[in-house]
Amino acid sequence: MTDMIWDPTYECMPREDLEKLQLKRLKATIHRAYEKVPCYKNKFDELKIQPEDIQSLQDFQKLPFTTKEDLRINYPYGMFAVPLREVVRIHSSSGTTGKPIVVGYTKNDIKTWSNLVARFMTAAGVTDEDVVQIAFGYGMFTGAFGLHYGAETIRASVIPMSGGHTDRQIMIMQDYKSSALVCTPSYAITLADRIKKMGINPKDLSLKVGLFGGEPWTEAMRQEIQAGLNIIATDNYGLSEVTGPGVAGECQHLSGMHISEDAFIPEIIDPDSGEVLPPGRMGELVLTTLTKEALPVIRYRTRDITSLNYEKCQCGRTTIRMEKTTGRTDDMLIIRGVNVFPSQIEEALIAIEGCEPHYLLVIDRQDSLDTLEIQMEVTENIFFDEMKKQKSFLEIVKKRVESIIGVSVIVKLVEPGSIKRYEGKAERVVDKRKLG
Ligand code: DLL
């Protein structure tokens, strides 16, 4: 394994130098945000904080948080810190309800973004020799363009396939000898399934690495994808409000995602009290941008739950690594008063022999009692097994899941192939309590 590093100056900076750089960039960001964005000025004024009051990275914790609601209220362009004429690109978040979040980039922002993506793609092992198949949907979603620019910056050969058309994806992958695949982890599973069904041996493909992100996924899913596509499957993280992909990504040691700390300051807070938590603790990730021109964000509450690892990685990078996110504070299901994360259920299911990574969680309320039904696909031999064997299989699944989440569940097998397949981000929860 070779540990190629795209930007060693920033990725391997001694912490002392990095913190100096962060403070310098932070001060500039705060000044600009205060002067150009009324939302920040109002919030600071309310707390009687002036930009000059922030003289250290500790002072910074006095600043108020920014939330999705702030971006919503200022829809579409109210949070921009530059006039629209300087904005060369507009994207929006993948929100499914209400108005989307609108984000903008200056010419310089696009350049910075491309470099940030080039960093994690390089860390994953992509070089100018690679043929990168981008199977994210091109459009308002930041995933496709972000990875596209990053790959071109590395001078890899980009195939802008976009999402969907699974059989065509596989044909192109075979014919064009794609060596790197970019998509959501759930779509990687769909592709692997289809490849298997078509009788193609993944070893006959040219794929070597996958860059997957945009949604949470588990270690068990990683194993499944690695085996199904014969690749090393890497995780990368980002969100539109902060830049899109390019906030953090794994190197080939697969031991947490390196955050580009010259461009973002990460903090972990207690989602209830807002208190900053000590290193290593699990909580909500808060991000501040240090280089964004069009849309600087200060202490943005991502809602994503993770922890930060400050130890130096074997690859030589000195940057903090974030653990795989285990879900979002707003994804958390409260079932009969118990907090349940869909990722816990997924982890349990995938670890059971015979379970397929296709499932749906249906939550309902009967006689004022919450019910959680897991509809899941299983391998054909189990689906067509005799009743008795199937019953004992269901019992195993039920017990395993219940022991992890602490809530009783109903497990139902559904026909192989009947759960909806996703080309982008998967939606695995139907909460009928909210629909009623
Ligand atoms: O999903 C940006 C992105 C695109 C990242 C492609 C990586 C690759 P949004 O549509 O705004 O932006 O959604 C952001 O998706 O707050 C997380 O909840 C989730 N998310 C993104 N990447 C990961 C990941 C893009 N690797 C929201 N693991 C974030 C877990 C992720 N969750």
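Right, let's walk through the structure included here. In this text the structure is predicted, and so the values were computed from the model without any measurement.

1. Brief notes about the packing of helix H10 (residues 342-350) against helix H12 (residues 387-405)
For the pair H10 and H12, interaxial distance at closest approach is 9 Å and the crossing angle is 145°. The handedness of the crossing between H10 and H12 comes out as right-handed. Contacts from Gln344, Ile345, Ala348 and Leu349 in H10 reach Val397, Arg400, Val401, Ile404 and Ile405 in H12. Its residues placed into classes, the contact of H10 with H12 shows seven nonpolar, one polar and one charged.

2. Considerations on the pairing of strand E7 (residues 232-239)
Of all eight residues in E7, six are buried; the element is thus mostly enclosed. One crossover worth recording links strand E6 (residues 209-213) to the parallel E7 by way of helix H9 (residues 219-229), and it is right-handed. Hairpin connection from E7 to strand E8 (residues 244-250): four residues lie between these consecutive antiparallel strands.

3. Brief notes about helix H5 (residues 107-124)
Counted at 1.5 Å a residue, the expected span for H5 with its 18 residues is 26 Å, and the 26 Å between its end C-alpha atoms agrees. The buried fraction of H5 amounts to 13 of the 18 residues, a majority that puts the element mostly inside the structure. A positive backbone phi angle near 115° is found at Gly125, which sits one or two residues after H5.

4. Some thoughts on the pairing of strand E12 (residues 300-306)
Where a strand is regular, its side chains alternate between the two sheet faces. In terms of burial, E12 is largely enclosed, as six of its seven residues are buried. Inspection of the sheet shows strand E11 (residues 283-289) paired to E12 by four bridges, in the antiparallel sense. The residue bridging Val286 from the neighbouring strand is Arg301, located in E12.

5. A word on the site of the ligand
The immediate surroundings of the ligand are formed by 22 residues, with Asp235, Asn236, Ser240, Asp304 and Lys425 found nearest. Residue Asp304 places a side-chain N or O atom 2.6 Å away from an oxygen atom belonging to the ligand. In isolation the ligand has 610 Å² of accessible area, and contact with the protein removes 95% of it. Listing elements by their share of the shell around the ligand, those giving two or more residues are helix H6 (142-154), E7 and E8. With five residues, the top contributor of residues to the shell around the ligand is E7. Here the residues of the shell around the ligand are counted per class, giving six nonpolar, 10 polar and six charged.

6. Considering the packing of aromatic side chains
Under the counting rule described, the total for this entry stands at nine aromatic pairs. For the pair Tyr105 and Trp113, a centre-to-centre distance of 4.7 Å together with 15° between the ring planes defines the contact as stacked. Residues Tyr105 and Trp113 agree in their burial class; the two are buried. Here Tyr138 and Phe145 contribute two aromatic rings whose centre-to-centre distance is 5.2 Å and whose plane-to-plane angle is 75°, an arrangement assigned as edge-to-face. According to the relative accessible area criterion, Phe145 is partly exposed, its value standing at 23%.

7. Notes on a nonpolar patch on the surface
Taken together, the side chains of Tyr77, Leu84, Ile90 and Met140 make up a nonpolar region of the molecular surface, amounting to roughly 350 Å² of accessible area. Along the chain, the position of Tyr77 falls in the loop between helix H4 (68-73) and strand E1 (87-92).

8. Quick look at the side chain of Ser240
Along the chain, Ser240 turns up in the loop between E7 and E8. Residues contacting Ser240, with those up to four places away along its chain left out, are Ser92, Ser93, Val103, Tyr105 and Thr142.

9. Topic: the nonpolar core
Note that soluble globular proteins tend to have their nonpolar side chains buried in a common cluster. Within the largest apolar cluster, 68 residues are counted, with the highest numbers of intra-cluster contacts made by Leu26, Met121, Val126 and Val132. With eight residues, H5 is the largest single contributor of residues to this core. Among residues more than four places away in sequence, those in contact with Leu26 are Ile54, Leu57, Phe60, Ile265, Thr288 and Leu290. Core analysis: the second largest hydrophobic core is formed by 25 residues, Ile352, Ile382, Ile405 and Val409 among them.

10. So, the packing of H9 against H10
Taken N-terminus to C-terminus, the directions of H9 and H10 make an angle of 45°; their axes are 8 Å apart at the nearest point. It follows from the interaxial angle that H9 and H10 lie oblique. Along the contact surface, H9 presents Glu219, Ala220, Met221 and Glu224, while H10 presents Glu346, Glu347 and Ile350. Its residues assigned to classes, the contact of H9 with H10 comprises three nonpolar, no polar and four charged.

11. Remarks on the sheet that holds strand E13 (residues 308-309)
Sheet architecture is open: nine strands sit in the order E4-E3-E5-E6-E7-E8-E9-E14-E13, paired in mixed fashion. Looking at which strands have only one partner, the edges of the open sheet turn out to be strand E4 (157-159) and E13. Where E8 and strand E9 (residues 257-259) come together, three bridges link them in antiparallel fashion. Bridging across to E9, Glu250 finds its partner in Met257. Along the sheet, H6 contacts strand E3 (131-134), E4, strand E5 (180-183) and E8; its crossing angle with E8, the most-contacted strand, is approximately 65°. The strands touched by helix H8 (residues 185-197) within the sheet are E5 and E6, with E5 carrying the most contacts at an inclination of about 125°.

Calculation rules
Every chain's residues receive numbers from 1 upward, in the order its sequence appears when written. Selection of residues for local features in this predicted model requires a pLDDT of at least 70, selection of side-chain atom pairs for listing and counting requires 80 or more, and totals for whole chains, interfaces and linings are taken over all residues. By convention in this description, side-chain values take in all heavy atoms of the structure and omit both hydrogens and water. Throughout, an axis means a line fitted to C-alpha atoms (over the contacting stretch in the case of helices), and angles, computed between N-to-C directions, take values from 0 to 180 degrees. The numbering of helices and of strands both runs from the N terminus, where a helix is a DSSP run of H or I of at least 4 residues and a strand a run of E of at least 2. Crossing handedness is read from the near helix: turned anticlockwise from the far helix by less than a right angle, it gives a left-handed crossing, and turned clockwise, a right-handed one. What makes two residues a contact is simply this: any of their non-hydrogen atoms within 4.5 Å. Amino acids are sorted into nonpolar (Ala, Val, Leu, Ile, Met, Phe, Trp, Tyr, Cys and Pro), charged (Asp, Glu, Lys and Arg) and polar (every other residue, Gly among them). When accessible area is computed with a 1.4 Å probe and restricted to protein chains, residues below 20% of their type maximum are described as buried, those above 50% as exposed, and intermediate ones as partly exposed. Looking down the strands as they point away from you, a crossover is right-handed if its path from the first strand over the helix to the second goes clockwise. Between any two strands, at least two bridges found by DSSP are needed for them to pair. Take the number of residues in a helix, subtract one, and multiply by 1.5 Å to get its expected span. For this purpose, a residue is taken to be near a molecule or strand whenever a single non-hydrogen atom of the residue falls within 4 Å of it. Residues adjacent in sequence count toward polar contacts only when both atoms are side-chain atoms; beyond that, a polar contact is any pair of N or O atoms within 3.5 Å, and within protein one must be able to donate a hydrogen and the other to accept it. Computed with a 1.4 Å probe, the accessible areas rest on the Shrake-Rupley method; for each residue, only the protein chains presented here act as cover. Pairing of aromatic rings covers Phe, Tyr and Trp, the last counted by its six-membered ring, and requires centre-to-centre distances within 6.5 Å; plane angles under 30 degrees mean stacked, over 60 mean edge-to-face, and any other angle means tilted. Here, patches come from residues exposed beyond 30% relative accessible area and free of salt bridges, joined within 9 Å for like charges and within 5 Å for nonpolar side chains (Val, Leu, Ile, Met, Phe, Trp, Tyr). Within this document, salt bridges are pairs made up of a side-chain nitrogen of Lys or Arg and a carboxyl oxygen of Asp or Glu, the two lying within 4 Å of each other. For this analysis, a nonpolar core means a set of buried residues of the types Ala, Val, Leu, Ile, Met, Phe, Trp, Tyr and Cys, connected via side-chain atoms within 4.5 Å. For classification purposes, an angle smaller than 35 degrees is called roughly parallel, one larger than 145 roughly antiparallel, one from 65 to 115 roughly perpendicular, and anything else oblique.

Any functional reading would require information beyond the geometric quantities listed.
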